[in-house]
Amino acid sequence: MKVNDSVESFRKALKEAVDEYSLKPVIKEQGTVRSVEEGIAVVSGLPNAMFYEVVRFSNNLKGIVIDIKEDRVTAVILEKEENVEINTPVYRTGYIVSVPVSDQLLGRIIDPLGKPLDGKPPVKTTVYYPVEREAPALFDRDFVKDQLYTGIKVIDCMFPIGKGQRELILGDPSTGKTSIAVDTIVNQKDKDVICIYVSIGQRKQSVLDVYTTLKKYGAMDYTVIVSATSDSYPGLQFLSPYSGTAIAEYFLDKNKDVLIVYDDLTKHAFAYQSLSLLLKRPPGREAFPGDIFYIHSRLLERACKIKDGGSITALPVVETQAGRISSYIPTNVISITDGQIYLDSNLFNINQRPAVDVGKSVSRIGGKTQIPALKEVAEFLRLYYAQFLEVEIFTKLGVKVFGETAKIIRRGKRLRELLKQPKLKSYQVEEQVVIFFLLNEGYFDNIPEDQVNDRADFILKRIKTEYPEILKDIKISKVLTSQIKEKLKKLAEEL
């Protein structure tokens, strides 16, 4: 055999080997659609299909395998299925469903498959992350140590959220759940935190409102919006939080701190319920499928703090009806997360906003993340507030109170006023320390209730312009030294 013939044979054999084991999928199986209904296709002839594998219909529509039987598989169609009919050919791709990831995603609105929804060109990248991924092992995780500041006084002081924590936001419709999430994203500006906002089953106008707000305040520079609107197929709505988490894990692997908001998991549960009913799976409690707890737990377990690395902080949103936090989905997510911020409709209606119910809200691990200065001034705020609410009932009944009880009511009313905060008005941690230090020292006790917030803002403005070193010292040292306390007391007396 000639040398040239040997070389050519080797090249041919090498090419065949590369083709055989190439990362590019080689379509070897073709199936056909047996039935199609409401975005669900039953396919026969794909015996080797994998769970969550992407399949391609003959008209280039895509689907995901979500159920495997002995003689058939069931695929969720991710796009409009007008052209999918019985006997339509279906091909395997060999790919597990993944989402393209890149730094170029920042500032973009995409769907759960990575397609642009903002009219801009697709993101060019060769890196794809699977939407389903094992949560980091216990030995790879670290303790939650650093606080993620929302800029909202009642949360940062009473229910602090740590980087790597999962804190649920729940309440009735129109009580400000999304506002808290958006405020938190806006407050991450210049804090080196990447934000992912996942919109599940929302109206397009709602997503546009969030985008407009984030754009106005410069927050889209570090934010990605993943959207599956209410007119999207249940399959896309179900996939959206997992896609958002995959993007968050891309930045986590780059040692970044990430904040991800799931708005909301109630609609996500409804989407999965719809899929399960179409798959003829038996319903369980409140007509939800029995594995509804599992789909949320495997999602939220991916939020964590990595040793010597970044973190993913999760803020899932859940909607209640008539304040029933004991219904199925709220109790599920409460048991998975590290605490909850409950928004009460009665508080919202009396203009106590944000309408955080101090009695039903909790942060189980966030307290360890507070800096010493904030912990010192906020340590007893919840106790003071609870005492105030308890004795305030007597004043509503016309009972006159004196002495220590009157003092509790007087200070409690001013604390309640200080906890009120307009949307998109953030307070930095050092500013919160100053406000609540002055409250504890009694400097707001003789100020009319409706003027408390104005006085607090006036004091902060004076400090920023005339004594900026006070805020700078608190920010750097993270403690309230005796010198800082004396400066604050003297300043408050002058005013």
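Colleague: What should I look at first to understand the sheet that holds strand β3 (residues 53-57) in this one?
Modeller: Two strands in a sheet stick together by hydrogen bonds in their backbones, pointing the same way (parallel) or opposite ways (antiparallel). The six strands lie next to each other as β1-β2-β5-β4-β3-β6, forming a closed barrel whose pairing is antiparallel. Neighbouring strand axes in the sheet, compared pairwise and without regard to direction, differ in orientation by 45° on average. With three bridges connecting them, strand β1 (residues 30-37) and strand β6 (residues 89-96) associate as antiparallel partners. Counterpart to T32 in the pairing with β6 is P89.

Colleague: Looking at this model, I keep getting lost on the environment of V261. Mind explaining?
Modeller: Among the structural elements, V261 can be located in strand β15 (residues 257-263). Apart from residues lying up to four places away in sequence, V261 is in contact with A181, I185, I196, Y197, V198, L315 and V317.

Colleague: Looking at this structure, how should I read the pairing of β1?
Modeller: Note on strand geometry: in a regular strand, side chains alternate between the two faces of the sheet. Two strands pair when backbone bridges link them, and β1 and strand β2 (residues 40-44) are joined in this way by five bridges, in the antiparallel orientation. Within β2, the position partnered with S35 by the bridge is V42. The turn joining β1 and β2, which pair antiparallel and follow one another in sequence, is formed by two residues; a positive phi near 50° is taken by E38.

Colleague: Even after reading the chapter, I still don't get the pairing of strand β5 (residues 73-77), so can you show me in this structure?
Modeller: Counting buried positions along β5 yields five of five residues, so the element is predominantly enclosed. Of the two faces of β5, both are covered, the one formed by V73, A75 and I77 as well as the one formed by T74 and V76. Of the pairings in the sheet, the one linking β2 to β5 comprises four bridges and is antiparallel in character. Paired with V42 across the strands is T74, a residue of β5. In this antiparallel pair of consecutive strands, strand β4 (residues 62-68) and β5, the connection spans four residues.

Conventions and cut-offs
Residues numbered from 1 in each chain as written. Predicted model: local features only at pLDDT ≥ 70, side-chain atom pairs only at ≥ 80, totals over all residues. Heavy atoms only, no water. Pairing = 2+ DSSP bridges. Helix = DSSP H or I, 4+ residues; strand = E, 2+ residues; numbered from the N terminus. Axes fitted to C-alpha atoms, helices over the stretch in contact; angles between N-to-C directions. Contact = heavy atoms within 4.5 Å. Buried < 20%, exposed > 50% of the residue type's maximum accessible area, 1.4 Å probe, protein only.

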